[in-house]
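Reading the structure
This is what each chain is made of:
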Amino acid sequence: MSRLVPEDIFDWVWIPFIRTLVFLRLGSITRAPSNVDSGRTRVLWEEAIRRGITLEEFHPLNIGQDIFLARFGKEKRFFEDMPRPKGFHREGIDWMDDKYEMKKRFLRAEIPVAKGGVARTERQALRMFRKIGKPVITKPNPGSRSRHTTIHIQNEDAFLSAFRKAEQLSPWVIIEEELEGFVFRATVIGKKFVAALRREPAYVIGDGTHTVRALVEIENKNPLRQGPHFHEIHADAAAEAELKHARYTWDAIPKKDTVVLLGQKTSRGVGGGITDVTGDVHPDNVALFEKIAHVVDDPLIGIDFIANDLAHSWKTEPRCGVIECNSAPFLDLHHFPLIGTPRNAAGALWDIIFPASKPRKS
């Protein structure tokens, strides 16, 4: 809808068109959040209700994306995943989710990204693999939420296997150096930095007394890991592989304050965690994130950035850089951290959609 049809058309066809589809049983309308909504949608609903913004969500029958109508006073906005102010330029959305196109544009703008490129054949891929520093990662060019992504690649046999895995999802495969550190998510709204969090794979911290296995059992008793947002750490094949990579066993006793990773995926469903770091972000990094928003020229962007610590300037961090930008970021990640202060990212978004809805300070 938003990329193919001029939005102004919906200003006058929405109500009769949608009512007709509902009458023909080709869709339905909801006017309150439901259990089938994503966490991202739910925080938008909840903040809208708090501000007096009314929302309608049209669910077409087996075709297309859900469409939202938001109203505040006489103003209204139509949108799919996430709302944006009227009059914004849509070009950034067209290339933001394309990792290779993003990399080219960011290099021209002197924004740090991983060295590498995109290949379609094994011959091209091997030539690229041999030129860049190790370890290397491979992933499909379209976003895949870490599916079909392989990390820690050091030799050609492992590389070819990883290349073929990524090819299952896309004929174009990204090959790049493996950056160093954690994946951070910085959210920029209205081209202003709003919040940052560290997305963490499953891990435990050594205390010099307990084994890795015992540390996992202790962490799994954390009440926040009993759902709905966070889940227990599993002693599965991914954890086993990560322990082996770090030369640990389940019965090893890590030294005090040593971080022991138990996977690479940061998904909350596999034991990943989230730590809010908004208040610790170095001014150079804030400036970089806002520069990215200006280069993309979009009022809403989620930036995935790898670094050891956002409290340090990106200019001093080894092998740091942007790995992905998201046109429909999951704002709920900021609302429900495992560690740290919740941030009202949904409120910051509604601030630029309906400025008059912003709650007055008492």
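Since the model is a prediction, treat every value here as computed from it, not as a measurement.

Our focus in this paragraph is the overall build of the chain. Broken down by element type, the chain carries 11 helices and 15 strands. For 362 residues, the compact-globule estimate of 2.2 N^0.38 gives 21 Å, and the chain sits close to it at 22 Å. Taken over the C-alpha atoms alone, the chain extends approximately 65 × 50 × 45 Å along its principal axes. Taking all 362 residues of the chain together, the buried fraction comes to 47%. For the chain, the share of sequence-separated contacts (at least 6 apart) that also reach a separation of at least 24 residues comes to 69%. Summing over all exposed atoms, the chain offers an accessible surface of approximately 18,700 Å²; the carbon and sulfur share of this is 52%. Seen as two clouds, the 53 positive and the 48 negative side-chain charges of the chain have centres 3 Å apart.

Once that is clear, we can look at the pairing of strand β10 (residues 192-200). Pairing analysis gives 7 bridges linking strand β9 (residues 182-189) to β10, with the strands arranged antiparallel. From the neighbouring strand, F184 faces β10, where its bridge partner is R198. A loop of 2 residues connects β9 with β10, the two strands running antiparallel in sequence, and G190 in this loop sits at a positive phi of about 65°. Sheet topology places β10 next to strand β13 (residues 273-276); 4 bridges connect them, and they run antiparallel. Bridge pairing in β13 places L197 opposite D276.

Looking now at helix α11 (residues 345-353). With 7 of its 9 residues buried, α11 lies for the most part within the structure. For α11, the full list of buried residues reads A345, A346, G347, A348, L349, W350 and I353.

F106, F289, I292 and V322 are the most contacted members of the largest nonpolar core, which has 27 residues in total. Contributing elements (two or more residues each) for this core: α3 (91-96), α4 (99-108), β9, β10, α9 (283-296), β14 (300-307) and β15 (321-326). Sort the elements by how many residues they give to this core and α9 lands first, with 5 residues. Sequence-distant contacts of I292, that is, excluding residues within four places in its chain, are made with F106, I111, I301, I303, V322 and C325. One finds L300, A346, A348 and L349 within the second-largest nonpolar core, a separate group that totals 20 residues.

If you trace the backbone, R199 turns up in strand β10. Put simply, R199 is tucked away with no salt bridge, and the nearest opposite charge, on D304, sits 5.3 Å away. Sequence-distant contacts of R199, defined by excluding residues within four places in its chain, comprise F182, V183, R185, T266, G273 and L333.

Quick look at the side chain of R225 now. One can find R225 in the loop between α7 (212-219) and α8 (237-245). Setting aside its immediate chain neighbours within four residues, R225 contacts E219, N220, F230, H231, E232, I233, G271, G272 and L338.

An order of β5-β8-β6-β7 is seen for the 4 strands of this open sheet, with the pairing classed as antiparallel. Edge positions in the sheet fall to β5 (116-119) and β7 (150-153), since each has one partner strand and no second. Along the sheet, successive strands turn relative to each other by an average axial angle of 20°, direction set aside. Pairing geometry for β5 and strand β8 (residues 173-177), over 4 bridges, is antiparallel. Directly across from G116, in β8, lies its bridge partner E176. Strands β5, β6 (136-140), β7 and β8 of the sheet are contacted by helix α6 (residues 156-167), whose axis makes an angle of about 20° with β6.

With that out of the way, let us pick up the pattern of salt bridges. A complete count under the given rule lists 21 salt bridges for this structure. Taking the shortest distance from any N to any O, the salt bridge between E56 and R31 comes out at 3.6 Å. Residue E56 is found in strand β2 (residues 54-60), and its partner R31 is found in the loop between β1 (27-30) and α2 (39-51); the two are separated by 25 residues along the sequence. Between R343 and D276 there is a salt bridge whose closest N-O contact spans 3.0 Å. With R343 in the loop between α10 (332-335) and α11 and D276 in strand β13, the pair connects residues that are 67 residues apart, well separated along the chain. Residue R343 is classed as partly exposed on the basis of its relative accessible area of 28%. Residue D276 is classed as buried on the basis of its relative accessible area of 11%. Here the salt bridges do not stand alone but share partners, grouping E47, R50, R51 and D351 into one network.

Rules used in this analysis
Residues numbered from 1 in each chain as written. Predicted model: local features only at pLDDT ≥ 70, side-chain atom pairs only at ≥ 80, totals over all residues. Heavy atoms only, no water. Helix = DSSP H or I, 4+ residues; strand = E, 2+ residues; numbered from the N terminus. Rg over C-alpha atoms; globule rule 2.2 N^0.38 Å. Buried < 20%, exposed > 50% of the residue type's maximum accessible area, 1.4 Å probe, protein only. Contact = heavy atoms within 4.5 Å. Areas by Shrake-Rupley, 256 points an atom, 1.4 Å probe, with all protein chains shown as cover. Lys, Arg positive; Asp, Glu negative; His and termini not counted. Charge placed at Lys NZ, Arg CZ, Asp CG, Glu CD. Pairing = 2+ DSSP bridges. Core = buried A, V, L, I, M, F, W, Y, C linked by side-chain atoms within 4.5 Å. Salt bridge = Lys/Arg side-chain N within 4 Å of Asp/Glu carboxyl O. Axes fitted to C-alpha atoms, helices over the stretch in contact; angles between N-to-C directions.

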